[in-house]
Amino acid sequence: MDITLAHALTRRRSVRAFAKHAIPLRSLEKILWAGQGKSGEDDGRTVPSAHALYPLRLFVMASRVDGLDSGLYAAEPGGLDLRNINHADLRPALCKAAIGHPEWIANAACIIAICADMLTPVRAFVEQQPYGARGERYIFLEAGAAAQNIQLMAVAEGLGSVLVGGFNDEATASVLGLAPPLAPVALMCLGARFLSADEARRHRRHTTHNALTR
């Protein structure tokens, strides 16, 4: 789906109800690229990073992705090739580790876990005030930029998403198998948007009208 940035921004909404059908692997690849992919020959990426440290790491808990077995995958930095590290469905455990146990975590077609090396930026910016905290701030700024890119590309791919930032850090890290200095920063739940009967009828009418007026 080719849409303008302004259109994607206008349509971006948090989607918490997902349909049961799978999402295309190609759409997931585009979304991962938007979050942390290489964007030029100079090894720059789609998200700005203080001193180009790129502390973010993306993990994918895939459940309903065409052409991808269910399980947890690590997205290799920059290239974003997916490497399977766990064959289990970890969505229920991630849901249990989240505040309020939101059902959209357990029902998402896949979840992108935005994680970060929390130590390297802190050391790199230790002399910037407030001492010891500046590097951590840069991590959260970078993670926010990645999350926005992921949501906008999801819109462009016709998918829904919702950002989850409320969870038990230690429990979530344990589920994902993270060892320090890696820590979870945010979870992005993705999937085809569930349409009510009325919404489905309106969508069909809109699609038919567009086809007839082309």
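Just above, that's the structure.
Residues numbered from 1 in each chain as written. Predicted model: local features only at pLDDT ≥ 70, side-chain atom pairs only at ≥ 80, totals over all residues. Heavy atoms only, no water.

Peer 1: It is not clear to me how the nonpolar core should be interpreted in this structure. Could you clarify?
Peer 2: The tendency in soluble globular proteins is for nonpolar side chains to be buried as a group. Core analysis: the biggest nonpolar cluster contains 36 residues, and Leu28, Ile31, Val60, Ile112 and Ile114 have the highest contact counts within it. Put simply, the parts of the chain that give this core at least two residues each are helix H2 (25-36), strand S1 (56-62), strand S2 (71-75), strand S4 (110-117), helix H6 (134-156) and strand S6 (182-191). Here this core gets eight residues from one element, more than from any other, and that element is H6. The residues contacting valine 60, other than those within four sequence positions of it, are Leu28, Leu32, Gly71, Leu72, Tyr73, Leu82, Cys110, Ile111 and Ile112. If you look at the next biggest cluster of nonpolar residues, it comprises 24 residues, including Ala74, Ala108, Leu176 and Cys189. (Core = buried A, V, L, I, M, F, W, Y, C linked by side-chain atoms within 4.5 Å. Buried < 20%, exposed > 50% of the residue type's maximum accessible area, 1.4 Å probe, protein only. Helix = DSSP H or I, 4+ residues; strand = E, 2+ residues; numbered from the N terminus. Contact = heavy atoms within 4.5 Å.)

Peer 1: So what exactly am I meant to see when it comes to the packing of aromatic side chains here?
Peer 2: The geometry of an aromatic ring pair is captured by the separation of the ring centres together with the interplanar angle, meaning the angle of the planes. Considering all chains together, one arrives at one aromatic pair under this definition. Look at phenylalanine 125 and tyrosine 138: their rings are 4.7 Å apart centre to centre, the planes differ by 70°, and that puts the pair in the edge-to-face class. Of this pair, phenylalanine 125 sits in the loop between helix H5 (120-124) and H6 while tyrosine 138 sits in helix H6, placing them 13 residues apart in sequence. Above the plane of the ring of tryptophan 104 lies arginine 16, whose end atom (NZ or CZ) is 5.5 Å from the centre. Seen from the ring of tyrosine 54, arginine 45 lies directly overhead, with NZ or CZ sitting 4.4 Å from the centre. (Phe/Tyr/Trp six-rings, centres within 6.5 Å; stacked < 30°, edge-to-face > 60°. Lys NZ or Arg CZ within 6 Å of the ring centre and 35° of its normal.)

Peer 1: What am I meant to see in the sheet that holds S2 here?
Peer 2: Remark on secondary structure: sheet strands pair via backbone hydrogen bonds, oriented parallel or antiparallel. Strand order across the open sheet formed by six strands is S3-S2-S1-S4-S6-S5, with antiparallel pairing between neighbours. In this open sheet, the two strands that pair with only one neighbour each are strand S3 (82-86) and strand S5 (160-164). Direction aside, neighbouring strands of the sheet carry axes that sit 30° apart on average. Direction of pairing for S5 relative to S6: antiparallel, over a ladder of five bridges. Its bridge partner being in S6, leucine 163 is matched across the sheet by methionine 188. Along the sheet, H2 contacts S1, S3, S4 and S6; its crossing angle with S1, the most-contacted strand, is approximately 160°. Its contacts with the sheet put helix H7 (residues 169-176) on S2, S4 and S6, and the angle it makes with S6 is roughly 75°. (Pairing = 2+ DSSP bridges. Axes fitted to C-alpha atoms, helices over the stretch in contact; angles between N-to-C directions.)

Peer 1: I keep staring at empty space enclosed by the protein and nothing clicks. Help me out?
Peer 2: The method is simple in principle: a probe with the dimensions of a water molecule rolls over the atoms, and the space it marks as empty is what remains. In total, this model carries one cavity of 30 Å³ or more according to the counting rule given. One number sums up the size of the largest cavity: a volume of about 30 Å³. As for the largest cavity, its lining consists of Ser49, Ala50, Leu53, Pro55, Pro121, Phe125, Tyr138, Ile139 and Glu142. When residues of the lining of the largest cavity are assigned to their parent elements, the largest contribution, three residues, is made by H6. Residue composition of the lining of the largest cavity, grouped by class: seven nonpolar, one polar and one charged. (1 Å grid on protein atoms, 1.4 Å probe; cavity = no way out; pocket = protein on both sides within 12 Å on 5 of 7 lines; lining within 4 Å. Points joined across faces, edges and corners; volume = space filled by probe spheres on them. Nonpolar A, V, L, I, M, F, W, Y, C, P; charged D, E, K, R; others polar.)

Peer 1: What is the right way to read H6 from this model?
Peer 2: Given 3.6 residues per turn, any residue in an α-helix points the same way as the ones three and four places further on. Counted at 1.5 Å a residue, the expected span for H6 with its 23 residues is 33 Å, and the 34 Å between its end C-alpha atoms agrees. Of the residues trailing H6, glycine 158 is marked for its positive phi of about 75°. (Expected span 1.5 Å × (residues − 1).)

Peer 1: Would you mind showing me how to read H2 here?
Peer 2: In this model, H2 (12 residues) spans 17 Å end to end at C-alpha, consistent with the 16 Å of a helix rising 1.5 Å per residue. Along H2, the positions that sit buried rather than exposed are Ser27, Leu28, Ile31, Leu32, Ala34, Gly35 and Gln36. Take H2 and look down its axis: the buried residues cluster within an arc of 165°, on one side only. Elements that come into contact with the buried residues of H2 comprise S1, S3, S4, H6 and S6. (Arc of directions from axis to C-beta.)

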